[in-house]
Amino acid sequence: MSTITLITGSTLGSAEYVADHLADLLTAQGHQANITNQPQLAQLNQDTIWLIICSTHGAGDYPDNFVAFANALTSQKPTLNHLKFAVIGLGDSNYDTFCAAGKKIQAQLLTLGATQLGERLDIDVSITPVPEESAEIWFEEWQPLIND
Ligand SMILES: Cc1cc2nc3c(=O)[nH]c(=O)nc-3n(C[C@H](O)[C@H](O)[C@H](O)COP(=O)(O)O)c2cc1C
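As recorded by an unreviewed UniProt entry, the protein chain carries the name FMN-binding protein MioC and is attributed to Photobacterium toruni. Among the UniProt annotations of the protein chain, the heading Cofactor (unreviewed entry) holds the following wording: "FMN".

Next up, the structure:
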């Protein structure tokens, strides 16, 4: 069984709801799931799997609660060779910058040497009224990758 840190970037709460739902699924499978809605790089355990669930705001920007974490990665450039992660982006395809925040954090973690587990999921809220449902379908394919 694995320990997963669910890291949210959210302004309106949708990404947090997705994290809550996935944490429930992980726990039901015997994993340990810890949610952090105010991520601080220094406080995150790099020996856990990071599951980042991040919406996009502004014009392709991170949500406010996610900015300090993303800036710390950019400025401190930690070596993340041992880190495994996955990304779920939430966005609206009516924006040119569809799910840009999820794409940016994925690229940043890969640049720092982390290993991605599975494909990024981009949830288009303009056609997906309940993002948790898309996340659950993705999770069914993703969860075999996290078993020790
Ligand atoms: C002011 C505003 C700006 C947004 N900008 C973008 C954007 O640039 N790209 C995108 O894909 N979605 C954008 N969205 C859509 C949000 O990402 C989407 O509504 C998402 O579900 C919000 O998730 P949250 O509740 O976790 O913040 C924007 C939404 C708002 C309200």
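What about the packing of aromatic side chains?
If you walk through the whole model with that rule in mind, you get 5 aromatic pairs. Geometrically, the ring pair formed by Y62 and F66 is tilted, given 5.2 Å between the ring centres and 40 degrees between the ring planes. This pair shows no difference in class: Y62 is buried, exactly as F66 is. Measuring from ring centre to ring centre gives 6.3 Å for F139 and W142, while their planes differ by 50 degrees; the resulting arrangement is tilted. Residue F139 and its partner W142 are both found in helix α4 (residues 131-142); the two are separated by 3 residues, about one turn of the helix. For the pair F139 and W142, a shared accessibility class is recorded, and that class is buried. Grouped by ring-pair contacts, the aromatic residues W50, Y62, F66 and F69 constitute a single cluster.

Digging into the packing of helix α2 (residues 64-76) against helix α3 (residues 100-111)
Running from N to C, α2 and α3 cross one another at 30 degrees; their axes reach a closest spacing of 10 Å. Looking at the two axes, α2 sits roughly parallel to α3. As α2 runs across α3, the sense of the crossing is left-handed. Every residue of α3 that contacts α2 at F66, F69, L73 and T74 is listed here: I105, Q108 and L109. Classifying every residue of the contact of α2 with α3 by side-chain character gives 5 nonpolar, 2 polar and no charged.

What to know about the pattern of salt bridges
Applying the stated criterion to the full structure yields 1 salt bridge. Taking the shortest distance from any N to any O, the salt bridge between D122 and R120 comes out at 2.7 Å. Exposure remark for D122: the relative accessible area of 25% places this residue in the partly exposed category. Exposure remark for R120: the relative accessible area of 25% places this residue in the partly exposed category.

Let's talk about the side chain of S55
Considering the arrangement of structural elements, one finds S55 in strand β3 (residues 49-55). Relative accessible area serves as the criterion here: at 8%, S55 is assigned to the buried category. Only 3.5 Å separates the side chain of S55 from the side chain of H57, close enough to count as a polar contact. With near-sequence residues (within four places) excluded, S55 lies in contact with G9, S10, T11, A15, D61, P63, L90 and A101.

Quick notes on the site of the ligand
The environment of the ligand is made up of 20 residues, and the closest members are S10, T11, A15, T56 and T97. Within the backbone of T11, a nitrogen or oxygen atom sits 2.8 Å from an oxygen atom of the ligand. Residue L12 places a main-chain N or O atom 3.0 Å away from an oxygen atom belonging to the ligand. Notes on the ligand: free accessible area 630 Å², of which the protein chains cover 82%.

Scoring rules and cut-offs
- Residues numbered from 1 in each chain as written.
- Predicted model: local features only at pLDDT ≥ 70, side-chain atom pairs only at ≥ 80, totals over all residues.
- Heavy atoms only, no water.
- UniProt positions renumbered as here; feature names shortened; annotations may be inferred.
- Phe/Tyr/Trp six-rings, centres within 6.5 Å; stacked < 30°, edge-to-face > 60°.
- Buried < 20%, exposed > 50% of the residue type's maximum accessible area, 1.4 Å probe, protein only.
- Helix = DSSP H or I, 4+ residues; strand = E, 2+ residues; numbered from the N terminus.
- Axes fitted to C-alpha atoms, helices over the stretch in contact; angles between N-to-C directions.
- Parallel < 35°, antiparallel > 145°, perpendicular 65-115°, else oblique.
- Left-handed = near helix turned anticlockwise from the far one by under 90°.
- Contact = heavy atoms within 4.5 Å.
- Nonpolar A, V, L, I, M, F, W, Y, C, P; charged D, E, K, R; others polar.
- Salt bridge = Lys/Arg side-chain N within 4 Å of Asp/Glu carboxyl O.
- Polar contact = N/O pair within 3.5 Å; in protein donor to acceptor, adjacent residues only side chain to side chain.
- Near = heavy atom within 4 Å.
- Areas by Shrake-Rupley, 256 points an atom, 1.4 Å probe, with all protein chains shown as cover.

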